[in-house]
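Descriptive analysis of the structure
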Amino acid sequence: MATESWVGTIAENLERLRGAIAAAARAAGRDPGGIRLIAVSKTMPPERIREAQAAGQRLFGENRAQELLAKSPALADLDIAWHFIGRLQSNKARAVAAAATLIHSVDRLDLAHRLDALWAGGPPRPVLVQVNTSGEASKSGVEPGGLTELLDGIAGLPHLSVEGLMTIGPWTDDRDAVRAAFRSLARALAEQRRHDRPRAPLSELSMGMSGDFEIAIQEGATLLRIGTALFGARD
Ligand SMILES: *Cc1c(COP(=O)(O)O)cnc(C)c1O
């Protein structure tokens, strides 16, 4: 879907987006109810998030710790949940883990250890593991070849539950390359499910953004991370 076509109000964009998600799901033979939309609100001021919430959006995503930690208290009166979708430094893990209900971007064992220590004494908390499916050096995420080892390591941490995998598609207009990346994440999920690890339901696939969410839905996405198509272009 061309980004230029998203020029309406947030409520209009949200309605249109929901329609497009449902249509893509049905066309792929999937239940639209199995796909959740995360409104990526990075760079957007709190008023825009209030507007989206008033239009019925409940899940919001931020990729910078500082921004999440500024916005979440400012919007504490709203019935919304935050997901953290960016690279997470271990020294920010405590604050981010307190503000976000799901971290999509666990990509290394030392971060997993840090979260496990933070959550000691409570029930296991959900996380996603980010995989670099595109091979682009600028992208974070564990290399596909290191996924088994990382998940084996996390399996020894009793306070983490690995709900699924996350990836960012390659920056390209080549739809086949985007599809190949999403498909490789779906395959990795299926393959990793065959390992019998504790606390690893591995049922979520976080993939698909404004420009590629329809392909992601075709390839099995359960969590879409969409900013521009909802809020308009970022400055
Ligand atoms: C910004 C961002 C998105 C949303 O991108 P859009 O193209 O604006 O929909 C999704 N995921 C991550 C990790 C991001 O940083």
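Values in this document were obtained by computation on a predicted structure and should not be read as measured data. (Residues numbered from 1 in each chain as written. Predicted model: local features only at pLDDT ≥ 70, side-chain atom pairs only at ≥ 80, totals over all residues. Heavy atoms only, no water.)

What to know about the packing of aromatic side chains
When we look at a pair of aromatic rings, we describe it by the centre distance and by the angle of the planes. What counts here: Stacked, edge-to-face and tilted labels apply to pairs of Phe, Tyr and Trp rings (six-membered ring for Trp) whose centres lie within 6.5 Å, assigned for plane angles under 30 degrees, over 60, and everything in between, in that order. Each helix is a run of H or I in the DSSP string that is no shorter than four residues. Each strand is a run of E no shorter than two, and both are numbered from the N terminus. Partly exposed residues are those whose accessible area sits between 20% and 50% of the maximum for their type, while under 20% is buried and over 50% is exposed, using a 1.4 Å probe and protein chains only.
A complete count under the given rule lists one aromatic pair for this structure. Residues Phe 60 and Trp 82 carry aromatic rings whose centres are separated by 6.0 Å and whose planes lie at 50° to one another, so their mutual orientation is tilted. Residue Phe 60 is found in strand β2 (residues 59-62), and its partner Trp 82 is found in strand β3 (residues 81-84); the two are separated by 22 residues along the sequence. Classification of Trp 82 as buried rests on a relative accessible area of 5%.

Notes on the site of the ligand
Formally: The near set for a molecule or strand comprises every residue that places at least one heavy atom within 4 Å of it. Residues adjacent in sequence count toward polar contacts only when both atoms are side-chain atoms; beyond that, a polar contact is any pair of N or O atoms within 3.5 Å, and within protein one must be able to donate a hydrogen and the other to accept it. All accessible areas in this document rest on Shrake-Rupley with a 1.4 Å probe, and a residue is counted as covered only by the protein chains that are shown. Only protein atoms enter the 1 Å grid, on which a cavity is a set of points fitting a 1.4 Å probe that cannot get out and a pocket is an open set with protein on both sides within 12 Å along at least 5 of 7 lines, lining residues being those with an atom within 4 Å of a point. Cavities and pockets are treated as containing a molecule whenever more than half of the molecule's atoms lie within 2 Å of their grid points. Each residue is assigned to one class: nonpolar for Ala, Val, Leu, Ile, Met, Phe, Trp, Tyr, Cys and Pro, charged for Asp, Glu, Lys and Arg, and polar for all the others, Gly among them.
Around the ligand, the neighbouring residues are Val 40, Lys 42, Asn 63, Ile 85, Ile 168, Met 209, Ser 210, Arg 225, Ile 226, Gly 227, Thr 228 and Arg 234. Lys 42 is positioned such that a nitrogen or oxygen atom in its side chain is 2.7 Å from an oxygen atom of the ligand. Protein contacts shield 90% of the accessible area of the ligand, which totals 390 Å² for the unbound molecule. Judged by its atoms lying within 2 Å of the grid points, the ligand is housed in the largest pocket. The class makeup of the residues in the shell around the ligand is five nonpolar, four polar and three charged.

Some thoughts on the environment of Pro 158
So the rule is basically this: Throughout, a contact is declared for two residues whenever any of their heavy atoms are within 4.5 Å.
Among the secondary structure elements, Pro 158 is positioned in the loop between α6 (147-154) and β6 (160-166). Since its relative accessible area comes to 40%, Pro 158 is described here as partly exposed. Among all residues touching Pro 158, those that are not within four sequence positions of it are Asp 116, Pro 124 and Arg 199.

Notes on the side chain of Glu 67
Residue position: Glu 67 is located in helix α3 (residues 65-74). By relative accessible area, Glu 67 is classed as buried at 18%. Here Thr 43 takes part through its backbone nitrogen, which lies 2.5 Å from a polar atom of the side chain of Glu 67. Residues contacting Glu 67, with those up to four places away along its chain left out, are Ser 41, Lys 42, Thr 43, Met 44 and Glu 62.

Quick word on unusual backbone geometry
Backbone geometry places Thr 43, a non-glycine residue, at a positive phi of 70°. By relative accessible area, which is 47% here, Thr 43 ends up partly exposed. Positive phi values are uncommon outside glycine, yet Leu 202 reaches one of about 45°. Residue position: Leu 202 is located in the loop between α7 (175-193) and β7 (204-206).

A few points about the layout of surface pockets
What counts, and what does not: Grid points are joined across faces, edges and corners, and a volume is the space filled by probe spheres set on the points.
In this structure, the largest pocket occupies an estimated 680 Å³ of space. Surrounding the largest pocket, 29 residues form its lining, Lys 42, Ile 168, Trp 171, Met 209 and Arg 234 being those nearest its centre. Listing elements by their share of the lining of the largest pocket, those giving two or more residues are α7 and β8 (223-226).

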